[in-house]
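Commentary on secondary and tertiary structure
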Amino acid sequence: MKCFHSPNNFFRIRPSSPSLFGIPSLLRSPPPDHARAREMDALRKQATRFREQVARQQQAVLKQFGGGGYGGSENVLMDELELQQHQRLEKLYISTRSGKHFQRDIVRGVEGYVVTGSKQVEIGTKLSEDSKRYGVENSCTIGSTLSKAALGFGRARAQIEQERGNLLKALGTQVAEPLRAMVVGAPLGDARELAQRYERMRQEAEAQAIEVSKRQIKVSEAPGNVDNNLKMEVAEAKLQQLKSNMTVLGKEAVAAMTAVEAQQQRLTLQRLISMVELERTYHQRILQILDQLEGEMVSQHRRFEASSSPVVEDPMPPPPSYEQSNGIFSSERVDGSTASMTYFLGEVMHSYQAESDIELNLSVGDYVVVRK
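Residues numbered from 1 in each chain as written. Predicted model: local features only at pLDDT ≥ 70, side-chain atom pairs only at ≥ 80, totals over all residues. Heavy atoms only, no water.

So, about the overall build of the protein chain. Counting its secondary structure elements, the protein chain contains 6 helices and 4 strands. Secondary structure elements in the protein chain, listed N-terminal to C-terminal, are α-α-α-α-α-α-β-β-β-β. When burial is assessed residue by residue, the protein chain has 34% of its 372 residues classed as buried. Residue pairs in contact within the protein chain that sit at least 24 positions apart in sequence constitute 74% of those at least 6 positions apart. (Helix = DSSP H or I, 4+ residues; strand = E, 2+ residues; numbered from the N terminus. Buried < 20%, exposed > 50% of the residue type's maximum accessible area, 1.4 Å probe, protein only. Contact = heavy atoms within 4.5 Å.)

Dropping the structure here:
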């Protein structure tokens, strides 16, 4: 009978392996190579299919030489259930591994954001201090509008940087730290250790099943050989013990991995929601500060423009002509045709500051000829 040997799979990797069972250094390890990860996944799937084929072939052989012991129909059913348990455990491992990598990516992103944001806080704080210093130490002959605006800008910028600092601190304590703790925590490592022990025992049981098959063949070839019968009974007893232990250990590993997966999914989702809420609150607060600052600066700018533009007033405006006072129509001929133009004289009731070259500066009491 040909001896089938199952290939290595993800559980046979030693615990010290940083890519699977070991817990790598969170920030010192390089980012995963996605191409290599896809290649490893393809190899792992291929190995899993090969293992399933081997298991089915072993079951067929054992069933053929059955008649009590491991080869009975009940034990074949148990093997099928065990295979399903093994497949579930492998899916749990893949899920928790992906979840761990995602948590690590979030931690790295948040920590990078904190480092960059801290530098921005430093720059913004320096700008705030410079603005406030100008507002305190400088004045202008035409007023203190710019000084007041600089003071307001400096105070607002200080508030903005304070809000940014609070956001960075909250992201570190409420998002990065809980996720980092789970990535390097004991539950995930303990669950993987159980899965590893289960896989080693499963491989040992597979090897023992092949040994039982060999003993059954020898017994069938020499039915009266007492030594062969005794060795077969010992091998079958050992196989049954391995299967019993493997079943118990497999259930424990599945339960532990399932609990880790649920905690991993729940915690990661909660931290993502917290990050979104923190950033939304931060931006709302920043918008309030900027709206208030803009309103103050625009008001100061308008007052500055109104006070800095001199208005020349003539205390003795020339008297209007008879035609202007009475709104008499005047006519002029343009290109051989007669065009009528109506105009009247108006007195300025409110002052007006010109905003362009084509407008007039008006003061109360001025007279203006209105043509349109």
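Back to the write-up after that little detour.
Close inspection of predicted coordinates is inappropriate for parts of the model with low pLDDT. In this model, the protein chain carries a mean pLDDT of 77, and residues with pLDDT of at least 70 account for 72%. This model gives residues 65-77 a pLDDT under 50, and the stretch forms 20 contacts once residues within four places in sequence are excluded. Confidence over residues 328-340 falls short of pLDDT 50; this stretch has 12 contacts with residues more than four positions distant or in other chains. (pLDDT = per-residue confidence, 0-100.)

Val110, Leu171, Val175 and Leu179 are the most contacted members of the largest nonpolar core, which has 19 residues in total. Residue assignment for this core shows that the elements contributing at least two residues are helix H2 (73-137), helix H3 (145-183) and helix H5 (226-308). Among all residues touching Val110, those that are not within four sequence positions of it are Leu171, Gly172, Val175, Ala176 and Met275. Counting residues in each nonpolar core, the second largest holds 17 residues, with Leu194, Tyr198, Leu242 and Met257 among its members. (Core = buried A, V, L, I, M, F, W, Y, C linked by side-chain atoms within 4.5 Å.)

Here Gly152 is to be found in helix H3. Accessibility expressed as a relative area gives 10% for Gly152, which makes it buried. In sequence terms Gly152 and Gly135 are 17 residues apart; their C-alpha atoms lie 8.6 Å from each other.

Moving on to the pattern of salt bridges. Enumeration according to the criterion identifies 11 salt bridges in this entry. Here Asp130 and Arg133 are joined by a salt bridge, their closest N and O atoms 2.5 Å apart. With Asp130 and Arg133 both in helix H2 and 3 residues apart, this pair spans about one turn of that helix. On the basis of relative accessible area, Arg133 is assigned to the partly exposed category, the value being 41%. Residue Glu206 is joined to Arg202 by a salt bridge in which the shortest nitrogen-to-oxygen separation is 2.9 Å. You can see Glu206 and its partner Arg202 sitting in helix H4 (residues 186-221), 4 residues apart, about one turn around the helix. (Salt bridge = Lys/Arg side-chain N within 4 Å of Asp/Glu carboxyl O.)

Another point: H3. With 39 residues, H3 ought to run about 57 Å at 1.5 Å a step, and its terminal C-alpha atoms sit 55 Å apart, in line with that. The sharpest bend along H3 measures roughly 35° and falls at Ala176, with the proline Pro178 sitting one to four residues further on. (Expected span 1.5 Å × (residues − 1). Bend = angle between axes of the 7 residues up to and from the residue.)

To continue, consider the side chain of Arg164. Position of Arg164 relative to the elements: it lies in helix H3. At a separation of 3.0 Å, a polar atom in the side chain of Arg164 contacts the side chain of Gln120. Contact partners of Arg164, with chain neighbours within four places excluded, come to Gly117, Gln120, Val121, Arg157 and Tyr282. (Polar contact = N/O pair within 3.5 Å; in protein donor to acceptor, adjacent residues only side chain to side chain.)

All right, on to the environment of Glu82 then. Its location among the elements puts Glu82 in helix H2. With relative accessibility at 11%, the residue Glu82 sits in the buried group. Excluding anything up to four places from it in sequence, Glu82 contacts Tyr198, Arg202 and Met246.

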